[in-house]
Amino acid sequence: MDLSAGHVWVMISAALVLLMTPGVAFFYGGMTRAKAALNMMMMSFVSIGIIGVVWVLWGFSMTGGNGVAGLFGNPFTSFGLKDILGSEDLITAGYGATFAIITVALISGAVADRTKFGAWAVFVPIWVTLVYCPLAFMVWGGGLLGAEGAVGSVVGEAIDFAGGTVVHINAGVAGLVLALILGRRKGFGKDPNQRPHNIPFVMLGAALLWFGWFGFNGGAAGTAEEAGLIWINTLAAPAAAMLGWLLTERVRDGRATSLGAASGVVAGLVAITPACANVSPLAAVGLGLVSGVLSALAIGLKYRLGYDDSLDVVGVHLVAGLAGTLALGFIALPVDGAGGGLFYGGGLGQLGAQAAAAAVAIVFSGVLTLLIGLAIHKTMGFRISEEDEVNGVDLSEHAETAYEFGGLGTGGSFSPFQDTARTTTPKETVNS
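This one's a predicted model, so the numbers in the text were calculated from it and none came from an experiment.

Digging into the overall build of the protein chain
When its secondary structure is counted, the protein chain shows 15 helices and two strands. Against the compact-globule benchmark of 22 Å for 432 residues, the protein chain has a radius of gyration of 22 Å, which places it among compact chains. When its C-alpha atoms are laid out on the principal axes, the protein chain stretches across 75 × 55 × 40 Å. Across the 432 residues of the protein chain, 54% fall into the buried class. Contacts in the protein chain between residues at least 24 apart in sequence constitute 75% of all its contacts with a sequence separation of at least 6.

Topic: unusual backbone geometry
Positive phi is not limited to glycine here, since alanine 69 has a value of about 55 degrees. When you line up the elements, alanine 69 lands in the loop between strand 1 (67-68) and strand 2 (72-73). Even without a glycine there, the phi angle at aspartate 113 is positive, about 80 degrees. Relative to the elements of secondary structure, aspartate 113 occurs in the loop between helix 3 (89-107) and helix 4 (117-140).

With respect to the layout of surface pockets
Think of a ball as big as a water molecule: rolled over the atoms, this probe shows where empty space is left. Empty space within the largest pocket amounts to approximately 670 Å³. Lining the largest pocket are 33 residues, and of these Pro196, Leu259, Lys302, Tyr303 and Asp312 lie nearest its centre. For the lining of the largest pocket, the elements supplying multiple residues, two or more each, are helix 1 (5-31), helix 8 (224-253), helix 9 (258-272), helix 11 (301-305) and helix 12 (313-331). Examining the composition of the lining of the largest pocket, we find that four residues originate from one element, helix 8, more than from any other. By residue class, the composition of the lining of the largest pocket is 13 nonpolar, nine polar and 11 charged. Here the second largest pocket is characterised by a volume of approximately 480 Å³. If you trace the second largest pocket, you find 22 residues lining it, with Phe60, Thr63, Thr92, Gly96 and Trp140 closest to the centre. Within the residue set of the lining of the second largest pocket, elements represented by two or more residues are helix 2 (37-62), helix 3, helix 4 and helix 7 (199-218).

Definitions and cut-offs
Residues numbered from 1 in each chain as written. Predicted model: local features only at pLDDT ≥ 70, side-chain atom pairs only at ≥ 80, totals over all residues. Heavy atoms only, no water. Helix = DSSP H or I, 4+ residues; strand = E, 2+ residues; numbered from the N terminus. Rg over C-alpha atoms; globule rule 2.2 N^0.38 Å. Buried < 20%, exposed > 50% of the residue type's maximum accessible area, 1.4 Å probe, protein only. Contact = heavy atoms within 4.5 Å. 1 Å grid on protein atoms, 1.4 Å probe; cavity = no way out; pocket = protein on both sides within 12 Å on 5 of 7 lines; lining within 4 Å. Points joined across faces, edges and corners; volume = space filled by probe spheres on them. Nonpolar A, V, L, I, M, F, W, Y, C, P; charged D, E, K, R; others polar.

In structure tokens form, the structure reads like this:
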């Protein structure tokens, strides 16, 4: 089969989505303390390595094909992708892998500053196998939530074009569960040093995410008309969400911040993800504005409720993911003059389907993540010691620091030459 323009677009989209995970690394890395930046970024990078292998072996197979009780595909059907060699399905498999990778990377922001790298490396393949792949099958693979699935056939098929439930609600719930399991950081809500250490990194990460998101949302476009709608909506919603977040900050705090601008962009991207091909540009602007305000308000809940979601995975991904998913029940465009959301005269049917899909995603991800997280926490331990947290997770887990301060040898334990002038070891040098 000749390589068509559609094939090339999906391959380019997959590359754009893969770039989003380093974008997450910069976004999250800048939001942490200086002495936790490398660990935060490594949690994203190692997710690429682990899931890249898992996806080839059994992950892709679990998201399609013949399902097991509507919950997941047979992991041995295309084990090692052996059954699709020589097929254009390899392009689809590669595209799908990038979604799995970034979903797991998003979770890491909820447990910044205090997570054992080895425990995270164990969590990643287990979670993507038991949580992400089954949920992707339920929504996109003809499983439980599909038109003919046990839930979808009763309440209707939910719209999730690019991952409102599979990616963002899923990651947001998992992040909340892990944050509760690991507990709060020392000085949570009191230590001013827990503020972001590198806002330019945060803004760079947000820019990379926005750039890659055009592939994230647009890769599955079936027609030029659909692709155009997706592109405009992926521009409009995060733009409006940024303005909504900044306006909220201005009213609440008296200042609009660069961190708020970057976070607002991400909130809008999250909200438009499930709806990008099914709402008008005007509705996308409204959805973005609402999601920006909601997420800006929601990030303060962790201080009121006492859970330490370090980098606001819950406030941004869970809240905006729910907003985008449920909003389709109101603003989804009719298809060929039929159906659509409540505002288009489609009745409550689509809203019921969206709510059911969100509920299934929350319960499924919450229960499974709790079991996986507790198993790791009670065996090998998920959290570093208090001493290592104070000294910095970068030093304790990687023997490195992100920055070299004053030539004191604090950049790591490796030196290509004999440093006779050095009088301190990385363990003895603390960076804040």
